[in-house]
Amino acid sequence: MRTDDIGFRVSTGLFGALLIAVVGGIAVVLYTDAVSAIEKFGWQFWQTEIWDPIAGEFGARPFIWGTLYSAVLALLIAAPIALGIAIFISELCPAWLRRPLVFLTELLAAIPSIVYGLWGIFVLVPFTRQLEAATPPWMKALPLFSGPPLGLGMLSAAILLAIMVVPFSSSVAREVLKAVPQAQREAAYALGATRWEAIRMALFYARTGIIGSIMLGFGRALGETMAVTMVIGNTPQVSTSLYAPQYTMAAVIANEFAEAADKLHLHALVEIGLVLFIITLAVNVLSRTFIWSLSNPGRAIRRKVRPAAVAEPA
Amino acid sequence: MMKSWTRFAVAALVAAAGVTLAAQNVQINGAGATFPAPIYTKWFAEYNKAHSNVRINYQPLGSGAGIRQITERTVFFGATDGPMTQEQLLAAPGKVLHLPTVLGAVVPVYNVAGLSQELKFSGPVLANIYLGKITKWNDGAIAALNPGVTLPGSDIVVAHRSDGSGTTYIWVDYLAKVSPEFKKTVGVGTAVKWPTGVAAAKNDGVAAIVSQTPGAIGYVELIYALQTKSPYAQVQNASGKFVKASIDTVTAAASAAAKQMPADFRVSITNAPGDGVYPISSFTWMLFYQDPKDKLQAKTMVEFMKWALTDGQKFAGEMGYAPLPANVIDMEMKTLATIKVQ
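Residues numbered from 1 in each chain as written. Chains lettered and ligands numbered in written order. Predicted model: local features only at pLDDT ≥ 70, side-chain atom pairs only at ≥ 80, totals over all residues.

## Notes on the overall build of chain B
No. 1: Helix and strand content of chain B: 14 helices and 11 strands.
No. 2: For chain B, the spread of C-alpha atoms along the three principal axes comes to 75 × 40 × 30 Å.
No. 3: Residues counted as buried form 50% of the 342 residues belonging to chain B.
No. 4: A fraction of 72% describes how many contacts in chain B between residues 6 or more apart in sequence connect residues 24 or more apart. (Helix = DSSP H or I, 4+ residues; strand = E, 2+ residues; numbered from the N terminus. Buried ≥ 20, exposed ≤ 12 C-beta atoms within 10 Å, placed from the backbone. Contact = placed C-beta atoms within 7 Å.)

Here's what the structure looks like:
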């Protein structure tokens, strides 16, 4: 019995260690394969805006910007929609409609990203172009909407990413809401809460999971490659304009890796991968810490939280 | 298909058992440029029909990958649309030979509504458009090349490739030859820093931007324009003539360049002299070690190349490539004989 336990512990422990080894291995390989770029550019790599394979000058800033900007925009669009879908399905939806809706959101998640990209090129981009062309002049004067109506650019990428992220976030958020104990809702009703108040209470109860679901969507938006590269215009520039063609880290790796015969170019691309790895890691750590601070009682947060938890009458 | 698979499986089993067959089975791997991939695939399939013991696999990963893999000896042969640089040749562990296989061309495609006839461009005008210096379709420089054509005053949307590509290499190689400023600010390579425009992956991505965006201009391979029946522009050549790309005008470019073909075949034939020459043409190359490690593969591949340079050339025209001029083939046959097969 005792030896069985030890064997079990050791073997599962090995699997756990394997995971750490894989992540560590990725970091090591990304570093060693990028070493000549890291040595040549140092920290400048994060700030330089130039990407010139001929002159051998490489900087990741436009790609970092493009990746974060597109992912944040996508999240701004996707989060309310995903949450709305999740709340409707778990709380308000008539039983006969629930199954088809769940099926459809999961179907969206199963569509390969290249198909999203094709749809983006042939449907979304022309639509965005018309939208951009119809922008009134006073709006075009704002930095957010400046530039010629190309269709290809940040706006198309953000919308497409949002559509791709919604099924992931909404599925997880739905499961989280489903896990809220029925007793919580019943208690709210018993205290005279309206339906909206009861749902708000459930949302609060499930807050960590909901934030987790949104962060899952963010992670997916950061790493999405094919669909984004097909609609974002692939131009390395830092611009706040939604109409400007831009570039993301994953897209530049996919686009240039096959033809990068020059060692420095190759290493710069791998370093972009390393930067993406670090940023993804940082985003995950930050969201974990955030969730942990929310779910860990006994801290200062508890005081802030209490009033809402009682589902006060509006 | 099924039959050849079965045969392959049986062959593998027999080989695994250590039995030597009368005609030894040879499997050869190569990787590189995507541009000639259709004809290479066709060649390998046709050659396999006549020599069932020879299987050549080709992975169209891109010219850069072809150079990388031959340098690392992970494949027997590589393929590229831009010749290896001196630096890259020195980095290889043995002497690498360039052998031209066929020729291709890159053509400008555009989307301007309501034109009475097809547009004509000159090299410097194309360079200035891609430098972002000519920004309107009714710019005086474009109008001067197209008398009698009413050009709109709309913006030019410049489209180029986002992926590193041999097509880009040929295009910028030409623009750099005709425009000193382009050479200085952009330079020549499979991926460059473009001063203007939007980018999409592959020929179809560029073609999609051009076909959807009013006022767009882009560049694609001739084969792609022919297959999709996209309209493309005439380009003024070094002799001042406006020439439309076709199998004939590309072959003319090769014949013009063949007179000064260097012994290592690493030559750019963009902007070649001659009246009927299309100026944005290029060879595409296969890469071999002069002293390959595997002698059986070497022998087989040399035999294959002899076939590709003679019988194989007749497939070129029908697939949108231009066949090699006769004197280039003669030179290559001599180079093939220097590959050490013993």
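So that's the structure; there's more coming.
## So, the interface of chain A and chain B
Size of an interface, as often reported, equals the accessible area lost when the parts are brought together.
No. 1: The partner chain B presents 30 residues to the 24 residues of chain A that form the contact.
No. 2: Only strand 1 (51-52), helix 6 (113-133), helix 12 (226-231) and helix 13 (249-256) of chain A provide two or more residues apiece to the side of chain A that touches chain B.
No. 3: Broken down by element, the residue count for the side of chain A that touches chain B peaks at three residues, all from helix 6 of chain A.
No. 4: A class-by-class count of the residues in the side of chain A that touches chain B yields 15 nonpolar, six polar and three charged. (Nonpolar A, V, L, I, M, F, W, Y, C, P; charged D, E, K, R; others polar.)

## Some details on the pairing of strand 6 (residues 157-161) of chain B
All names here are of chain B.
No. 1: For strand 6, the tally of buried residues reaches five of five residues, placing the bulk of the element in the interior.
No. 2: With two bridges connecting them, strand 6 and strand 8 (residues 216-221) associate as parallel partners. Residue V158 lies in a different strand from strand 8, and its bridge partner there is I217.
No. 3: In the sheet, strand 6 pairs with strand 7 (residues 198-200) via three bridges, with the strands oriented parallel. Residue pairing across strands places A159 opposite V198, the latter belonging to strand 7. (Pairing = 2+ DSSP bridges.)

## A look at the confidence of the model for chain A
Residue and element names in this part refer to chain A.
No. 1: Predicted confidence across chain A gives a mean pLDDT of 89, with 94% of residues reaching 70 or more.
No. 2: For chain A, the element scoring lowest by mean pLDDT is helix 15 (residues 301-309), at 45; helix 4 (residues 61-92) scores highest, at 95.
No. 3: This stretch, residues 300-314, has a pLDDT under 50; its non-local contacts, to residues over four places away or in other chains, come to 13 contacts. (pLDDT = per-residue confidence, 0-100.)

## Examining the packing of helix 4 of chain A against helix 11 (residues 207-223) of chain A
Residue and element names in this part refer to chain A.
No. 1: For the pair helix 4 and helix 11, interaxial distance at closest approach is 9 Å and the crossing angle is 140 degrees. Relative to helix 11, the element helix 4 lies oblique. Of the two elements, helix 4 crosses helix 11, and the hand of that crossing is right-handed. In this structure, helix 4 contributes T67, S70, A71, A74, L75, A78, A79, A82 and L83 to the contact, and helix 11 contributes I210, I214, G217, F218, A221 and L222.
No. 2: In the contact of helix 4 with helix 11, the residues fall into 12 nonpolar, three polar and no charged. (Axes fitted to C-alpha atoms, helices over the stretch in contact; angles between N-to-C directions. Parallel < 35°, antiparallel > 145°, perpendicular 65-115°, else oblique. Left-handed = near helix turned anticlockwise from the far one by under 90°.)

## Here's the deal with the pairing of strand 1 (residues 26-32) of chain B
Residue and element names in this part refer to chain B.
No. 1: Pairing geometry for strand 1 and strand 2 (residues 54-59), over six bridges, is parallel. Opposite A31, over in strand 2, you have Q59 as the bridge partner.
No. 2: With respect to chirality, the unit in which strand 1 leads through helix 2 (residues 37-50) into the neighbouring parallel strand 2 is right-handed.
No. 3: Relative to strand 3 (residues 77-80), strand 1 runs parallel, the two being bridged by three bridges. When the bridges of strand 3 are listed, G32 appears paired with A79. (Right-handed = clockwise from strand over helix to strand, strands pointing away.)

## A word on the confidence of the model for chain B
All names here are of chain B.
No. 1: Averaged over every residue, the pLDDT of chain B is 89; residues scoring 70 or more account for 93%.
No. 2: Mean pLDDT per element in chain B: helix 1 (residues 2-16) is the minimum at 52, and helix 5 (residues 123-131) is the maximum at 97.
No. 3: In the model, residues 13-22 has pLDDT below 50 throughout and makes three contacts with residues more than four positions away in sequence or in other chains.
No. 4: Scoring of the predicted complex yields 0.82 for pTM and 0.76 for ipTM.

## Topic: the environment of K133(B)
No. 1: By the secondary structure assignment, K133(B) is in the loop between helix 5 and helix 6 (140-145).
No. 2: Between the C-alpha atom of K133(B) and that of G104(B), which follows or precedes it by 29 residues, the distance is 28 Å.

## Some details on the packing of helix 13 of chain A against helix 14 (residues 263-295) of chain A
Each pair of packed helices gets described by two things: the angle between the helix axes and the distance between those axes.
All names here are of chain A.
No. 1: One way to put it is that helix 13 packs onto helix 14 with a least axis distance of 9 Å and a crossing angle of 155 degrees. With respect to helix 14, the element helix 13 is oriented roughly antiparallel. With respect to the hand of their crossing, helix 13 and helix 14 are arranged in left-handed fashion. Within the contact between the two elements, helix 13 uses M249, A250, V252, I253 and E256 and helix 14 uses L269, I272, G273, V275 and L276.

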